[in-house]
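Read off the chains here:
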Amino acid sequence: MSEETGDIQVLIDLMARLPGLGPRSARRAVLQLIKKRGQLLIPLADAMQTVGATARECLNCGNIGTTDICKICENDKRANGQICVVEDVADLWAMERSGVFHGRYHVLGGTLSALDAIGPEELRIPRLIDRMTAENVSEVILAMSATIDGQTTAHYIADQLPNLKVTSLAQGVPVGGELDYLDDGTITAALNARRAL
Amino acid sequence: MIEWRDEGAVLAVRQHGETSVIADIFTAQHGRHAGIVRGGVSRKLRPILQPGAQVDVTWKARLDSHLGAFTIEPIRSRSAAAMGDRLALAGLNAVTALLLVTTAERDPHPAFYTQTIQLLDLLGHADIWPLAYMKWEMALLEEMGFGLELGACAVSGANDRLIYVSPKSGRAVAESAAGEWVNRLLPLPDVMRGEGEGSDAEIATALGTLGHFIEHKLIRSLGDKPLPAARGRLIDVLTRP
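The numbers attached to residues start from 1 for each chain and follow its sequence in the written order. Lettering of chains starts at A and numbering of ligands starts at 1, both following the order in which they are written. Restriction of local features to residues with pLDDT of at least 70 applies here, the model being predicted, together with a cutoff of 80 or more for giving and counting side-chain atom pairs; totals for whole chains, interfaces and linings are based on all residues. The basis for every side-chain value is the complete set of non-hydrogen atoms in the structure, without hydrogens or water.

Trainee: Explain the overall build of chain A residue by residue, including any values.
Mentor: For chain A, the count of helices and strands is eight helices and six strands. When the helices and strands of chain A are placed in sequence order, the string is α-α-α-β-β-α-β-α-β-α-β-α-β-α. Principal axes of the C-alpha set define a box for chain A whose edges measure 65 × 45 × 35 Å. Only protein chains enter the accessibility calculation, which uses a 1.4 Å probe. A residue is then buried if its area is under 20% of the maximum for its type, exposed if over 50%, and partly exposed in between. Counting over 197 residues, chain A shows a buried share of 34%. Two residues form a contact once any of their heavy atoms are found within 4.5 Å. Pairs at least 24 apart in sequence give 46% of the contacts found in chain A among residues at least 6 apart. In this text, helices come from DSSP runs of H or I with a minimum length of four residues, and strands from runs of E with a minimum of two, each type numbered from the N-terminal end.

Trainee: Explain the domain arrangement of chain B to me, and be specific about the residues and the numbers.
Mentor: Residue and element names in this part refer to chain B. Segment limits for the domains were obtained from an automatic or database-derived domain assignment. Under the domain assignment, chain B is made up of domain 1 (2–77) and domain 2 (80–150 + 188–239). Using C-alpha coordinates to define each centre, domain 1 is positioned 24 Å away from domain 2. Contacts between domain 1 and domain 2 engage 26 residues on the former and 19 residues on the latter. Throughout, the accessible surface (probe 1.4 Å) given up by two parts as they are put together, summed over both, is called the buried area. Considering only the surface of domain 1 that becomes buried against domain 2, L11, F26 and R32 emerge as the three largest contributors, covering 39% of it. Take a side-chain nitrogen of Lys or Arg and a carboxyl oxygen of Asp or Glu: if they are within 4 Å of each other, that pair is a salt bridge. At the junction of domain 1 with domain 2, the criterion picks out two salt bridges. Here D64 and R106 are joined by a salt bridge, their closest N and O atoms 3.9 Å apart. The definition of a polar contact used here is a pair of N or O atoms within 3.5 Å, where within protein one atom must be able to donate a hydrogen and the other to accept one, and adjacent residues in sequence count solely through side-chain atom pairs. The tally of links between domain 1 and domain 2 comes to eight residue pairs in polar contact (both at pLDDT 80 or more). Among the secondary structure elements, those contributing two or more residues to the side of domain 1 that touches domain 2 are β1 (2–16), β2 (20–27), β3 (31–37) and β4 (54–61). Top contributing element to the side of domain 1 that touches domain 2 by residue count: β1, with six residues. Residues were grouped as follows: Ala, Val, Leu, Ile, Met, Phe, Trp, Tyr, Cys and Pro as nonpolar; Asp, Glu, Lys and Arg as charged; and all remaining residues, including Gly, as polar. Tallied by class, the residues present in the side of domain 1 that touches domain 2 amount to 10 nonpolar, 11 polar and five charged.

Next up, the structure:
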């Protein structure tokens, strides 16, 4: 790499570290940014600088926003007594995209994992327990992954909230799913959670 | 190219790069073995690569010392059966965590593998699971060379009223021979000698005694590691009123 392209190479190397991008696709993206300097590169750089300065975790729920308390936590209309517990901010965004949940959230920041030595103290479980009384919560919805770690975490949280209504998301056949393509674990879960029509 | 085919139980999976995982699998003939599973985070493979799942594996590597790559075919998934059941989930986590900590890589234990699969097959049978788990922990100690000798008293040779175990030797001690050491000895409930009904309280006591040997003998022999937290959570579930 010549001296003139040193800065560009730094940008390519950084872009290549993003999920979904490798060195080749990062190079293509950088080339596109440079070609569209006015429409893409400058606005992107400005936006990144702004987000770099303002992005922070919500002190209440762990969501990512630009203020100390996120917009969901600030919105009184969402204080309906329900808290949906999710593993990660990406899960919160997925729930918000669906538009069906109108309560507040709590982002744990992961799951309990013996392998990675992640215990309850490493997650935001103590903060969740504090919120129960502070926000007059009537139901906690555990929207954890249908994995062993996810469900271990869900059972642990349920044990910590003995006097509250604690529910979890259903498990089973996904919308558009065909039985023939499902693994036997999903079919077992779906059969166990069958309901009368 | 070195290649073998075996069956095993998935113990743990760690993400490797964006699309692959490194799976730790307790195999029948090759012991606990790690390998890369390409595409392991895909929608197709993720449900298969859950702890406790029984899988058919083919391992390939250019040299034996290499990490190598697994090709995985499902035999039996246990996650769905365990997820909704607090005891089964805690049990599954305890079994996989203990196997990860106590078994050496690539050290085969075919008979113990069979015992482990039999135990995993009992997941969800809450009435017999605790007893089966206790026997499995005793078998684990035996397999790893720290088996308890509970047939006769280490001091007097007597074989009645054996109610203690020496924390040092792992041998039974009769009530009459305990003497001044009584406060240092561990309890030996009848269920550990295959006698009695095996009540929840007895099994909890037995797990306390076995925990001492797993932590201070077996795990200490492998380095300075703590007893897995998952085992503690299983005992919490078992002893909860």
